[in-house]
Amino acid sequence: MNLQDLTKPFDPSDIEWRVGQCGNKNNKSWARVLAYVTNRAIMERLDSVCGPENWQNVYKEAPCGGVLCGISIYIEDRGVGDKWVTK
């Protein structure tokens, strides 16, 4: 598993756009658009780099009733024992 492959740029077809804000100022329309990577592209990248069995989403309760989500990757023994690393 080469985790450096997770940093490779995504293909433009994996990027979607949506309008974050828009308005009208001085008789000119404007929009702020947001680019984001599709969930499918992220899952396919994790499957190809880590293997489908070596990553998972992890959810835990956050303060004030919220939910925190992380992605965990299973790292095989590198002198410290096998472990799940969550970010």
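Sequence order sets the numbering: in each chain, residues are counted from 1 along the sequence as written. This being a predicted model, a pLDDT of at least 70 is required before a residue's local features are given, and a value of 80 or more before pairs of side-chain atoms are given or counted; all residues contribute to the totals for chains, interfaces and linings. Hydrogens and waters are ignored; side-chain quantities use all the structure's heavy atoms.

Chemist: Explanation requested: the pattern of salt bridges in the structure shown.
Modeler: Opposite charge on two side chains permits pairing when their charged atoms draw close. The rule for a salt bridge is simple: a side-chain nitrogen of Lys or Arg has to be within 4 Å of a carboxyl oxygen of Asp or Glu. Inspection of the entire model under this criterion finds one salt bridge. Among the salt bridges present, the one from lysine 8 reaches aspartate 5, with a minimum N-O distance of 3.4 Å.

Chemist: What should I look at first to understand a nonpolar patch on the surface in this one?
Modeler: Residues enter a patch when their relative accessible area is above 30% and they make no salt bridge; the linking distance is 9 Å between like charges and 5 Å between nonpolar side chains (Val, Leu, Ile, Met, Phe, Trp, Tyr). Note on areas: Shrake-Rupley with a 1.4 Å probe; residue coverage comes only from the protein chains shown. The grouping of Trp17, Val19 and Val33 at the surface amounts to a nonpolar patch, some 330 Å² of accessible area in total. Inspection of the secondary structure puts valine 19 in strand E1 (residues 15–25). The helix and strand labels rest on DSSP assignments: H or I over at least four residues marks a helix, E over at least two residues marks a strand, and numbering proceeds from the N terminus.

Chemist: I'm lost on the packing of aromatic side chains in this one. Help?
Modeler: Between two aromatic rings, the relevant description is the distance of the centres plus the angle of the planes. When two rings of Phe, Tyr or Trp (its six-membered ring) have centres within 6.5 Å they constitute a pair, described as stacked for plane angles under 30 degrees, edge-to-face for angles over 60, and tilted for the intermediate range. Applying the stated rule across the entire model yields one aromatic pair. Look at NZ for Lys and CZ for Arg. If either is within 6 Å of the ring centre and within 35 degrees of the ring normal, a charge sits over the ring. It is arginine 45 that lies over the ring of phenylalanine 10; its NZ or CZ is 4.0 Å from the centre.

Chemist: Would you mind showing me how to read the nonpolar core here?
Modeler: Grouped burial of nonpolar side chains is what soluble globular proteins tend to show. We define the nonpolar core as a collection of buried residues of types Ala, Val, Leu, Ile, Met, Phe, Trp, Tyr and Cys that are connected through side-chain atoms lying within 4.5 Å of one another. Residue burial is assigned from relative accessible area. The probe radius is 1.4 Å, only protein chains are included, and a residue is buried under 20% of its type maximum, exposed over 50%, and partly exposed in between. Leu46, Val49, Cys50, Trp55, Ile73 and Ile75 form the largest nonpolar core, which has six residues in total. For this core, the secondary structure elements donating two or more residues are helix H1 (39–50) and strand E4 (67–75). The contact criterion used is simple: two residues touch if any of their non-hydrogen atoms lie within 4.5 Å. Beyond its immediate stretch of four places on either side in the chain, tryptophan 55 contacts Met43, Leu46, Asp47, Cys50, Ile71, Ser72, Ile73 and Trp84.

Chemist: Looking at this model, I keep getting lost on the sheet that holds strand E3 (residues 55–61). Mind explaining?
Modeler: Each strand in a sheet pairs with its neighbour through backbone hydrogen bonds, running either in the same direction (parallel) or in the opposite one (antiparallel). Strands were regarded as paired on the criterion that DSSP finds at least two bridges between them. Across the sheet, which stays open at both edges, the three strands sit in the order E3-E4-E5 with antiparallel pairing between neighbours. Pairing within the sheet leaves two strands with one partner each, and these edge strands are E3 and strand E5 (83–86). Here the strands of the sheet are splayed against their neighbours by 35 degrees on average, with no regard to which way each runs. Taken together, the seven bridges between E3 and E4 define a ladder with antiparallel strand orientation. Between N-to-C directions, angles cover 0 to 180 degrees, with each direction set by a line fitted to C-alpha atoms, over the stretch in contact for helices.

Chemist: Is there a simple way to think about the state of the cysteines in this case?
Modeler: Working definition of a disulfide: a covalent bond connecting the sulfur atoms of two cysteines. Count a disulfide wherever a pair of cysteine sulfur atoms falls within 2.5 Å. Applying the stated criterion to the full structure yields zero disulfides. No disulfide involves cysteine 50; its sulfur sits 15 Å from that of cysteine 69, the nearest cysteine. Here cysteine 64 stays unpaired: no disulfide links it, and the sulfur of cysteine 69, its closest cysteine neighbor, is 19 Å away.

Interpretation note: all reported values are geometric properties and have no functional meaning in isolation.
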